[in-house]
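# Fold and contact review
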Amino acid sequence: MAKTRIGILGYGNLSRGVEAAVALAGDMELAAVFTRRNPEELAIATAGVPVFAASDLEKHAQDIDVLVLGGGSATDLPEQTPACAKLFNVVDSFDTHAHIPQHFAAVDAALRESGHVGVISAGWDPGLFSLARIIGNSMLPQGADYTFWGRGVSQGHSDAIRRIPGVVDARQYTVPVPEALEAVRAGEEPQLTDRQKHTRECYVVAEEGADLAAIEDAIVTMPNYFEPYDTTVNFITMEELQRDHSGIPHGGSVIRSGSTGNGDQRHTIEFSLKLDSNPEFTGSVLVAVARAVARMAAEGATGCKTIFDIAPAYYSPLSAEELRGHLL
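These remarks concern the structure in this document. (Residues numbered from 1 in each chain as written. Predicted model: local features only at pLDDT ≥ 70, side-chain atom pairs only at ≥ 80, totals over all residues. Heavy atoms only, no water.)

## Here we look at the packing of helix H2 (residues 77–85) against helix H3 (residues 100–114)
So the rule is basically this: Every axis corresponds to a line fitted to the C-alpha atoms, with the helix fit spanning only the stretch in contact, and the corresponding angles, defined between N-to-C directions, vary from 0 to 180 degrees. Helix numbers and strand numbers start at the N terminus; a helix is a DSSP run of H or I with at least 4 residues, a strand a run of E with at least 2. Each angle gets one of four labels, with under 35 degrees taken as roughly parallel, over 145 as roughly antiparallel, 65 to 115 as roughly perpendicular, and the rest as oblique. Crossing handedness is read from the near helix: turned anticlockwise from the far helix by less than a right angle, it gives a left-handed crossing, and turned clockwise, a right-handed one. Only heavy atoms enter the contact rule, under which two residues are in contact if any of them lie within 4.5 Å. Any residue that is not Ala, Val, Leu, Ile, Met, Phe, Trp, Tyr, Cys, Pro, Asp, Glu, Lys or Arg is counted as polar, Gly included; the first ten are nonpolar and the last four charged.
Running from N to C, H2 and H3 point in directions that differ by 15°, and their axes come no closer than 7 Å. Comparing their axes, H3 and H2 come out roughly parallel. For H2 against H3, the interelement crossing comes out right-handed. Contact with H2, carried on its side by Leu77, Pro78, Thr81, Pro82 and Ala85, involves His103, Ala106, Val107, Ala110, Leu111 and Ser114 of H3 and no other residues of that element. In terms of residue class, the contact of H2 with H3 is made up of eight nonpolar, three polar and no charged.

And the structure:
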């Protein structure tokens, strides 16, 4: 059976995670990487795979079964995914929750016009955590949802710190408040604010002679990012940052707490992740979703889908018989 030909747009941390996952998938092969950089100067990990300019995507539309987009949700994916959906079956990891409906509509229109199929907002949140939420709500309709992220590096928050004048580099960790997490796990169904659920830890390398007090104030008062939370700022050296904070770990938990019958029987559903590498794990999810997209395309599906619309068997390389025999 021919392998599914995967293309990757972009070559940052997430795309390298996708590349690593494709290398482990016996039913897939990396066909090409597309970049906005100079293709001749980009060295990728997979030997023998061509690197093309992003502007040449249309020239290779017949060479790719599924294109996985590795760009960011703020500015890249809102433009790239609808544009690429006119040429390819697509998968992206768009994660700005409030804007998912409008992103879906734009991608769906492009896919239906081109006759392709795609999935947006794949990953672990949105993605696997979304599945946990829909299962919890369906099985325990009388109850409450809670999502905790971390302890893990938030790349967006870290980038926000790096944009402050006087900052050389930074890492920001999102940390669940232990008392809130334990109360939820105990089935108490507390009403929690953002500040009561998470704290933020910042590790900052400042320029020599920079005003540390001004940097700290700019961080803790930053609207949306840090102001709603209890935030700790730690100034460290570049050597300490590279030694102690070079990884990109993350994870978290989705918890549904509820009751059945007349309310006297309590139940808790919890789905948790602990990730050494956020981009490598997310890349693995995107590759499994790409397998599902290839199967849906072979069946003639068109339009935009989400993680909710895919039968679980479509993610797996195993046959239906193997799944029933080993995983059911």
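Read on for the rest.
## Some words on unusual backbone geometry
How we decide: Working definition: with a 1.4 Å probe on protein chains only, accessible area under 20% of the residue-type maximum means buried, over 50% means exposed, and in between means partly exposed.
Cis geometry is found at the peptide bond from Asp125 to Pro126, where omega equals 5°. One can find Pro126 in the loop between strand E6 (117–119) and helix H4 (128–139). Note that the residue after Gly150, namely Arg151, is joined by a cis bond; omega there is 10°. Structurally, the position occupied by Arg151 is in the loop between strand E7 (143–149) and strand E8 (152–153). A positive phi angle, near 60°, is found at Ser121, a position not held by glycine. Within the secondary structure, Ser121 sits in the loop between E6 and H4. Judged by its relative accessible area of 6%, Ser121 is buried.

## Here we look at the sheet that holds strand E11 (residues 230–235)
The criterion, for reference: Strands pair, by our definition, only if DSSP identifies at least two bridges between them.
A sheet is described by the order of its strands in space; here four strands give the open sequence E8-E9-E10-E11, paired in mixed fashion. Looking at the sheet topology across the chains shown, the edges are occupied by E8 and E11. Relative to strand E10 (residues 198–206), strand E9 (residues 167–176) runs antiparallel, the two being bridged by nine bridges. Counted as the bridge partner of Gln172 is Cys202 from E10. Across the sheet, helix H5 (residues 155–162) touches E8, E9 and E10, and the angle it forms with E9 is around 145°.

## A short note on the nonpolar core
In plain terms, the rule: For this analysis, a nonpolar core means a set of buried residues of the types Ala, Val, Leu, Ile, Met, Phe, Trp, Tyr and Cys, connected via side-chain atoms within 4.5 Å.
In terms of nonpolar packing, the biggest core is built from 34 residues, with Ile6, Val33, Val91, Val289 and Val293 touching the most fellow members. At ten residues, helix H10 (residues 278–298) tops the list of elements feeding residues into this core. With near-sequence residues (within four places) excluded, Val289 lies in contact with Val91, Val119, Ala122, Ile307, Ile310 and Tyr315. Ile64, Ile100, Ala110 and Ile120 belong to the second largest nonpolar core, which has 21 residues in total.

Such coordinate-based values are descriptive only and should not be taken to indicate function.
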